[in-house]
Amino acid sequence: MAESKTKQEPKVDYTKLNIYQKMAIATSKIEKVIKGLTVKTGDNRSYKAVSDKDVNNAVKPVEAELGIYSYPFDREITSEDREIFKTKNGQLSNYVIKLKTVYRFVNVDNPSEFIDIKTYGYGIDSQDKAPGKAMTYSDKYALLKAYKIETGDDPDAKSSEDVEVEINEEYAKNYKLTFGKYKGKTIEEIKNTDES
């Protein structure tokens, strides 16, 4: 009776790989992350999102295995405003923050090797949670984009014509833009000066 030999794959020594090689392997190892979080909006609607916990649960074990350490290396608040939003219970003042984060991916076996990725996050909250929301958002999307993690949908799959935006008179009078050439102006002010 002949003995059968099982061919074993050679074990890869990840300590010898550079950061680009490690990131490429991580991209192939990290599984799709499903949008399992339901986020409710103020108008009794909701949408599906990827939770920070689910992204970290998918990424961190693979990073540990390969010897990658990732963290927010630098943060900068690029804008912060107080905005009034109309809700079913009246008007609500919200703190709105836009944050730029440089997220760093370091080769733990050779810490002089790293990759920096610039990412952005918005946070909106009526209390003091806007900065934390902006940080969570920017960190989560740095990981999703760096490792090309699938989430189950593509924002480009829905054409602009399919997106409905209802702007009532009250909203047009109160909502001020926080970016662009019309920064600080309400939608009503913009409409009165530039119909296009």
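Below you will find a few notes about this structure.

Conventions adopted
Residues numbered from 1 in each chain as written. Predicted model: local features only at pLDDT ≥ 70, side-chain atom pairs only at ≥ 80, totals over all residues. Heavy atoms only, no water. Helix = DSSP H or I, 4+ residues; strand = E, 2+ residues; numbered from the N terminus. Buried < 20%, exposed > 50% of the residue type's maximum accessible area, 1.4 Å probe, protein only. Contact = heavy atoms within 4.5 Å. Areas by Shrake-Rupley, 256 points an atom, 1.4 Å probe, with all protein chains shown as cover. Polar contact = N/O pair within 3.5 Å; in protein donor to acceptor, adjacent residues only side chain to side chain. Salt bridge = Lys/Arg side-chain N within 4 Å of Asp/Glu carboxyl O. Axes fitted to C-alpha atoms, helices over the stretch in contact; angles between N-to-C directions. Parallel < 35°, antiparallel > 145°, perpendicular 65-115°, else oblique. Left-handed = near helix turned anticlockwise from the far one by under 90°. Nonpolar A, V, L, I, M, F, W, Y, C, P; charged D, E, K, R; others polar. Expected span 1.5 Å × (residues − 1). Core = buried A, V, L, I, M, F, W, Y, C linked by side-chain atoms within 4.5 Å.

Looking now at the overall build of the chain. A tally of regular secondary structure across the chain gives five helices and five strands. Mapped in sequence order, the helices and strands of the chain form the string α-β-β-α-β-β-β-α-α-α. Expressed as a percentage of its 196 residues, the buried residues of the chain come to 30%. Long-range pairs, those at least 24 residues apart, make up 54% of the contacts in the chain between residues at least 6 apart in sequence. Summing over all exposed atoms, the chain offers an accessible surface of approximately 13900 Å²; the carbon and sulfur share of this is 49%.

Turning to the environment of Asp125, a few remarks are in order. One can find Asp125 in strand 5 (residues 114-125). For Asp125 and Glu83, which are 42 residues apart along the polypeptide, the C-alpha to C-alpha distance reads 10.0 Å. Other than its neighbours up to four places away in sequence, Asp125 contacts Arg82, Asn94, Tyr95, Ala130 and Lys133. In this structure the side chain of Asp125 is engaged in a polar contact, spanning 2.8 Å, whose partner is the backbone nitrogen of Gln127. Within the structure, Asp125 has its side chain in polar contact with the side chain of Lys133 (distance 2.9 Å).

A separate point is the pattern of salt bridges. Evaluated as defined, the whole model comprises eight salt bridges. We note a salt bridge from Lys29 to Glu65, for which the minimum N-O separation is 3.0 Å. Taken together, the residues span a long stretch of sequence, with Lys29 in helix 1 (residues 19-29) and Glu65 in helix 2 (residues 52-66) at a distance of 36 residues. Take Lys29: its relative accessible area is 32%, and that puts it in the partly exposed class. Accessibility expressed as a relative area gives 41% for Glu65, which makes it partly exposed.

We now examine the packing of helix 2 against helix 3 (residues 130-146). Running from amino to carboxyl end, helix 2 crosses helix 3 at an angle of 45°, the nearest separation of the two axes being 10 Å. On the basis of the axis angle, helix 2 is oblique to helix 3. Of the two elements, helix 2 crosses helix 3, and the hand of that crossing is left-handed. Seen from helix 2, the contacting residues are Asp52, Val55, Asn56, Val59 and Glu63; seen from helix 3, they are Thr136, Lys140, Leu143 and Leu144. In the contact of helix 2 with helix 3, the residues fall into four nonpolar, two polar and three charged.

Compared with an ideal rise of 1.5 Å per residue, which puts 17 residues at 24 Å, helix 3 spans 24 Å between its outermost C-alpha atoms and is within 8% of the ideal. Residues of helix 3 that are buried include every one of Ala130, Ala134, Ser138, Asp139, Lys140, Ala142, Leu143, Leu144 and Ala146, and no others. A positive phi of about 55° marks Lys148, the residue just after helix 3.

Counting 22 residues, the largest nonpolar core has Met23, Ile68, Phe105 and Tyr147 as its most contacted members. For this core, the secondary structure elements donating two or more residues are helix 1, helix 2, strand 4 (90-107) and helix 3. Residues within four places of Ile68 in sequence aside, it is in contact with Ile19, Lys22, Met23, Ala26, Glu63, Phe105, Val106, Val108 and Tyr147. Membership of the second largest hydrophobic core comes to five residues, among which are Ile97, Leu99, Ala130 and Ala134.

This part takes up the side chain of Thr151. Mapped onto the secondary structure, Thr151 falls in the loop between helix 3 and helix 4 (169-174). Exposure remark for Thr151: the relative accessible area of 16% places this residue in the buried category. Apart from the residues within four sequence positions on either side, Thr151 is in contact with Lys32, Val33, Ile34, Lys35, Val50 and Leu144.

Turning to the packing of helix 1 against helix 2, a few remarks are in order. Where helix 1 meets helix 2, the closest approach of the two axes is 10 Å, and the angle between their N-to-C directions is 140°. One finds that helix 1 runs oblique with respect to helix 2. Note on packing geometry: the crossing formed by helix 1 with helix 2 is right-handed. On the side of helix 1, the interface is formed by Lys22, Ile25, Ala26 and Lys29, while helix 2 contributes Val62, Glu65 and Leu66. Looking at the contact of helix 1 with helix 2, its residues break down into four nonpolar, no polar and three charged.

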